[in-house]
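Read off the chains here:
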Amino acid sequence: MFLTVTARFLVVLDADSTLIRNEVIELIADEAGRGAEVAAATEAAMRGETDFATSLRSRVGALTGVPTSAFARVLERIEPTPGVRELTAAVHERGGEVGVVSGGFHEILDTLAPTLGVDVWRANRLEVADGMLTGEVRGEIVDAEAKAESLAAWAAERGVPMQRTLAIGDGANDLKMIAAAGLGLAFNAKPRVRAEAPILIGDVDLAQVIPLLP
Ligand SMILES: [Mg+2]
């Protein structure tokens, strides 16, 4: 098998609280009047206190009945993390590519990711019936394992050795990809992630990653 190298290196980011300042599931839950409850459950999952998939199914259940027309309002409320466009531009200038793997949702990321210079992304899918969320997740859940698998698969597809991958995240479900990457970065992270990741970025500014690019 011939390996075609199509990128010099690969940077993979988490979405919620890393690529963007928000947790999208909380913004969607606001549309159901259940924002505070879902925010508390998300916080516990990101600290690694609950099983991610179990927590996600329960939190998505709280979104039942939200119309898909609410996604436009959710997108308007999203705040990209400072420095994100500088980072993705710097990656491209240096011949790298940017991936995002998210425990959040394709329904939002498919619109958002291209505007932030992201080349490839993977997330969960929300089940919809009659224009409303059913409260179920469609297909396989993107958990910590799936994040690490996506990093490895995207690197292999591009002929990028794992040593030339960077993974950036804030939550407990990012720890496997942070451990698998050549360079793992905790970004504005939860205590457990700060304790386990090799490199910490304390400020909420993704441009601080640029000097670490290969
Ligand atoms: Mg996150």
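Residues numbered from 1 in each chain as written. Predicted model: local features only at pLDDT ≥ 70, side-chain atom pairs only at ≥ 80, totals over all residues. Heavy atoms only, no water.

What about the overall build of the protein?
Counting its secondary structure elements, the protein contains nine helices and seven strands. Against the 2.2 N^0.38 benchmark of 17 Å for 214 residues, the protein shows a C-alpha radius of gyration of 17 Å, consistent with a compact globule. Principal axes of the C-alpha set define a box for the protein whose edges measure 45 × 35 × 30 Å. Every one of the 214 residues in the protein was classed for burial, and the buried ones make up 51%. Contacts in the protein between residues at least 24 apart in sequence constitute 63% of all its contacts with a sequence separation of at least 6. As displayed, the protein offers around 9100 Å² of accessible surface, 51% of which is attributable to carbon and sulfur atoms. (Helix = DSSP H or I, 4+ residues; strand = E, 2+ residues; numbered from the N terminus. Rg over C-alpha atoms; globule rule 2.2 N^0.38 Å. Buried < 20%, exposed > 50% of the residue type's maximum accessible area, 1.4 Å probe, protein only. Contact = heavy atoms within 4.5 Å. Areas by Shrake-Rupley, 256 points an atom, 1.4 Å probe, with all protein chains shown as cover.)

Here's the deal with the side chain of Asn22
Position of Asn22 relative to the elements: it lies in the loop between β1 (10-13) and α1 (24-30). Within the structure, the side chain of Asn22 is placed 3.4 Å from the backbone oxygen of Arg77, a separation counted as a polar contact. Among the polar contacts listed, one links the side chain of Asn22 to the backbone nitrogen of Glu79, at a separation of 2.8 Å. Those residues in contact with Asn22, other than ones at most four positions away along the chain, are Asp16, Ser17, Leu27, Arg77, Ile78 and Glu79. (Polar contact = N/O pair within 3.5 Å; in protein donor to acceptor, adjacent residues only side chain to side chain.)

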